[in-house]
Amino acid sequence: MAAYHPPSSERELFLSATTASAPTSKHNYYSPNAHSSASSSSMSASSSAAYSPVQYHQQYSHESPRGLPNSIQPLQQQQQQQVQQPIMIVQHPPAMQSAVTPQPMEYPEYHQQPTHETLRRMLGDFKDPPALKPKTNASRKCRLVSAIIGGILLLGVAVFLAVHFILLNKPLVIPTIKPITPTFDNMPNLVISGNQILYPNGTAYSGRGVNMGSWFIMDAIYSGFVGLEEFEFFTVTDQRWNQQTSYQLMNTYIDNAITPADYDLLGFLGFNFIRLPLHFRNFQDAQGNWILNSQGEVDFRRLDWAIANMTAKGFYVQLDFHVWYGRETYYGGVSDADPTLPAEVAATYQKWRDMGAEFLTVLTSHVKNVPGIMAIELANEPVPSYGNTLSVQWYNAVRSADPDRIIVRHFGVDRADPLQYNWTNMIYGFHTYETAATLSEFQKNSLDKCSDRFNVPYYLSELQFVDYRDFAPAIKWAQGPTLGVNLPLWALWTYKAVDFNGWALVNWDKNYQVDLRKDSLERINQVWKSMPGLDLGGSLSQWGKSFLQ
C-alpha cells in the first residue's frame with residue numbers, strides 16, 4: 001500500500017497527498033522524506049542502539065512533547081448569577097383590649113356555688129397533694145453538683161464531636177517531593193527465579209502498582225468521551241475529521257492528562273510500579289503504517305517522555321499491548337487459528353497476528369536498553385487461541401528483539417505450561433474484580449495453585465474492588481500481609497478517570513467530558529488543555545483519600 005509523507009515543517013501531522021516507495025517490510029511507513037531504502041531491519045537496528053541510562057533520561061524527561069500547532073483561543077466562561085429571594089416579614093397587630101366587662105359565673109341549676117363535697121362527688125375521691133418541703137442547703141448543693149457534672153459531660157461530648165469532625169475533614173496535604181536524580185542505581189533489570197520476581201542480588205521484588213488506563217489507549221469509558229464505546233475514539237474522529245486530526249487530538253490529550261506531579265502523588269501514596277497500556281494507533285495509522293519522525297524512525301517521543309519521567313521517580317514500568325490491529329473489527333479474530341476456517345478468513349486473522357508480532361518486535365527493540373522497563377505484556381485479555389498460536393507467535397516476536405525481557409502472558413487465554421513451549425522469564429497475569437472479602441479465597445484457590453503448578457510468578461495486572469465504597473479492607477488487602485496475604489505484584493485499575501468515581505484514584509468532574517461527535521475542535525482542545533492536574537480537594541476520590549489516612 002502507498003506510504004504517506006507528512007510535510008517536514010509539520011512533524012506532528014503525518015498524512016499528506018504525496019507518495020513514496022514502500023520499505024522492505026510487511027507494512028509501509030510514514031516518512032517526511034522519500035526513504036525508499038528504509039526497512040524494518042534498519043529501523044529496528046536504529047531503535048535498539050544502546051542507551052546510557054542518564055543520557056536517555058536527559059534526552060527525554062525534560063523534552064516536553066507539548067506545543068502542537070494549535071491556534072485555539074480559550075472559550076469565554078459564562079458566569080451564573082445567584083438570585084436572592086426576598087424575605088417576607090409578617091407583623092402581627094397588638095392585642096386588642098376587651099370592651100366587655102366580665103360577669104360573675106352563674107350556675108343555672110343550683111343557683112349557688114358547689115361545695116367541696118359536691119365537687120368530690122363530681123370528680124371522684126382524691127387525696128390532697130402533699131405539702132411542699134422547704135428547701136434546704138443540702139438539696140441546693142446536690143442540684144449544684146448535678147449541674148456541674150452535666151456541664152462537664154456536655155463539654156466532653158462537644159469536644160469529642162469537634163475533634164472527630166476535624167480528623168475526618170482534615171485537609172489533604174501532599175508534600176512537595178524533590179525530583180529523583182536519574183542514576184538508576186536502584187532500578188536494575190529484574191529476573192525470574194521459579195515463582196519469584198527478584199532483584200539481581202536475590203532480594204524479592206514487591207510491586208505495588210496502578211494502571212494508567214485512560215491515558216495512551218484513549219479509553220472512552222474512563223476518559224469522559226460522551227456516548228462512545230470503549231475504543232471508539234479513533235473510529236469517530238477519523239470519520240468526522242481525518243487521521244491527521246485524530247493524531248493531533250490524541251497528542252493533546254496525552255500531553256495534558258498526566259504530568260510529572262502525578263508521579264509525586266503516586267510515590268507519596270506508596271506505589272512503585274506502573275502498568276502502561278498502549279494502543280497500536282499511538283505509533284501507527286488506521287492501516288498499520290508506522291508514524292515516522294523527521295529522521296525516518298518510528299515516532300516514540302511521547303512514550304520516551306512518559307517512561308523517562310516515570311523511571312526518574314523510581315517507578316518500574318510494564319508496557320501492555322492493550323489494543324492491537326483488528327481488535328475493533330472482531331475482538332477474537334487475532335486469536336482465531338481454527339484450521340477449519342475458510343481460507344480468506346484465516347488469511348485475514350493471520351495478517352492481524354503478523355502485524356501484532358511486528359508491533360511487539362519494534363517496540364521491544366526500542367526499549368531493550370531503556371532502564372526501568374520491567375516487562376512487556378503480549379496482549380490484554382485475548383480469547384483462547386487454537387494450539388496457543390497467538391501466544392507462541394507473539395512470544396517469539398518479543399524474544400527475537402530481546403532474549404532476556406520478562407514477558408507477561410494473560411493466564412485466562414490458555415492455561416499452558418511454560419515448559420511445554422520452552423517459555424522463560426514468564427509471568428502469568430490475572431485480572432480480578434471481586435470484593436475485598438473474597439479476594440483472599442481467590443488467591444488461595446487460584447493464584448497460589450497456578451503458581452505452584454506451573455512454577456511461575458503470578459501478577460494481578462488489573463485489580464479492582466467491587467465494594468469500593470468500603471475502602472479500608474481493600475487497601476489493607478492490597479498492601480498485605482495485614483490480612484494474611486502478600487501479593488508479589490499487583491496494579492490497581494485505574495489511576496485517573498472523568499466522572500467515573502469508584503474506579504479511579506483521581507476522578508475529574510463532568511466539566512471535563514467532551515462529545516467527540518458534536519463538540520468543536522476548539523472546545524475539545526480547550527477542555528483537555530485546561531485539565532486541573534492534582535486538585536486534591538476535589539479530584540482525589542474517596543478511594544484515593546483512603547491511602548492518606
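As the structure is a computational prediction, the values presented were derived from the model and not from experiment. (Residues numbered from 1 in each chain as written. Predicted model: local features only at pLDDT ≥ 70, side-chain atom pairs only at ≥ 80, totals over all residues. Heavy atoms only, no water.)

Chemist: I'd like to hear about the packing of helix H7 (residues 243-257) against helix H15 (residues 521-529), residue by residue, with values.
Modeler: At a minimum axis separation of 8 Å, H7 and H15 run at an interaxial angle of 20°. On the basis of the axis angle, H7 is roughly parallel to H15. Read as a crossing pair, H7 and H15 show a hand that is left-handed. On the side of H7, the interface is formed by Thr245, Gln248, Leu249, Thr252, Tyr253 and Asn256, while H15 contributes Leu521, Ile524, Asn525, Trp528 and Lys529. (Axes fitted to C-alpha atoms, helices over the stretch in contact; angles between N-to-C directions. Helix = DSSP H or I, 4+ residues; strand = E, 2+ residues; numbered from the N terminus. Parallel < 35°, antiparallel > 145°, perpendicular 65-115°, else oblique. Left-handed = near helix turned anticlockwise from the far one by under 90°. Contact = heavy atoms within 4.5 Å.)

Chemist: So what's going on with the packing of aromatic side chains? Residues and values would help.
Modeler: Ring pairs (aromatic) are described by centroid distance and by the angle formed between their planes. What the rule picks out here adds up to 29 aromatic pairs. For the ring pair Tyr349 and Trp352, a centre distance of 5.4 Å and an interplane angle of 50° mean the geometry is tilted. With a gap of three residues between them, Tyr349 and Trp352 both fall in helix H10 (residues 343-367), about one helical turn apart. Taking relative accessible area as the criterion, Tyr349 reaches 12% and is therefore assigned buried. Seen in terms of ring centroids, Tyr428 and Phe454 are 5.9 Å apart; in terms of plane orientation they differ by 80°. Their pairing is edge-to-face. Remark: Phe454 occurs in helix H13 (residues 436-454) and Tyr428 occurs in strand S8 (residues 426-434); sequence separation between them is 26 residues. Residue class for Tyr428 comes out buried when judged on its relative accessible area of 0%. (Phe/Tyr/Trp six-rings, centres within 6.5 Å; stacked < 30°, edge-to-face > 60°. Buried < 20%, exposed > 50% of the residue type's maximum accessible area, 1.4 Å probe, protein only.)

Chemist: Explain the pattern of salt bridges to me, and be specific about the residues and the numbers.
Modeler: Tallied over the full model, the rule gives twelve salt bridges. Here Asp238 and Arg281 are joined by a salt bridge, their closest N and O atoms 2.9 Å apart. You can see Asp238 sitting in helix H6 (residues 233-240) and its partner Arg281 sitting in the loop between strand S4 (273-279) and helix H9 (301-312), a full 43 residues away along the chain. The same class applies to Asp238 and to Arg281, which are both buried. For the salt bridge of Arg275 with Glu377, the shortest nitrogen-to-oxygen distance reads 3.0 Å. Of the two residues, Arg275 sits in strand S4 while Glu377 sits in strand S6 (residues 373-377), which places them 102 residues apart along the sequence. Judged on exposure class, the residue Arg275 and its partner Glu377 are both buried. (Salt bridge = Lys/Arg side-chain N within 4 Å of Asp/Glu carboxyl O.)

Chemist: Give me the lowdown on the sheet that holds strand S10 (residues 489-492), citing residues and values where you can.
Modeler: Spatially, S3-S4-S5-S6-S7-S8-S9-S10 is the arrangement adopted by the eight strands of the closed barrel, whose pairing is parallel. Going from strand to strand, the sheet's axes swing by 30° on average, the running direction of each strand aside. Note: strand S3 (residues 207-211) against S10, four bridges, orientation parallel. Of the residues in S10, the one forming a bridge with Arg208 is Trp490. In this fold helix H11 (residues 389-401) packs onto strand S5 (316-323), S6, strand S7 (406-410) and S8, with an angle of close to 165° to the strand it touches most, S7. (Pairing = 2+ DSSP bridges.)

Chemist: How would you explain unusual backbone geometry if you had to name every residue and give the values?
Modeler: A cis amide bond links Trp493 with the next residue in sequence, Thr494, at an omega value of 5°. Inspection of the secondary structure assignment puts Thr494 in the loop between S10 and strand S11 (496-498). Within the chain, Asn422 stands out as a residue other than glycine whose phi angle is a positive 60°.

Chemist: Could you give me a rundown of H6, with the residues and numbers involved?
Modeler: Among the residues of H6, those classed as buried are Phe233, Phe234, Val236, Thr237 and Asp238. Where H6 is buried, its residues contact H7, S4 and H15.

Chemist: Any details on the pairing of S7? Residues and values, ideally.
Modeler: Every regular strand shows the same layout, with side chains that alternate between the two sheet faces. Of all five residues making up S7, five are buried, and the element is well covered by its neighbours. Alternating positions in S7 separate into two faces, Ile406, Val408 and His410 on one and Ile407 and Arg409 on the other, with burial throughout. Pairing of S6 with S7 involves three bridges; the strand directions are parallel. Looking at the pairing, Ala375 lines up with Ile406 of S7.

Chemist: Describe the side chain of Gln318, with residues and values.
Modeler: Relative to the helices and strands, Gln318 resides in strand S5. Looking at Gln318, its side chain comes within polar contact range of the side chain of Tyr459, at 2.6 Å. Ignoring sequence-local partners within four residues, the contact set of Gln318 consists of Phe273, Ile274, Arg275, Leu276, Ala375, Glu377, Val408 and Tyr459. (Polar contact = N/O pair within 3.5 Å; in protein donor to acceptor, adjacent residues only side chain to side chain.)

Worth remembering: the numbers are spatial, not functional.
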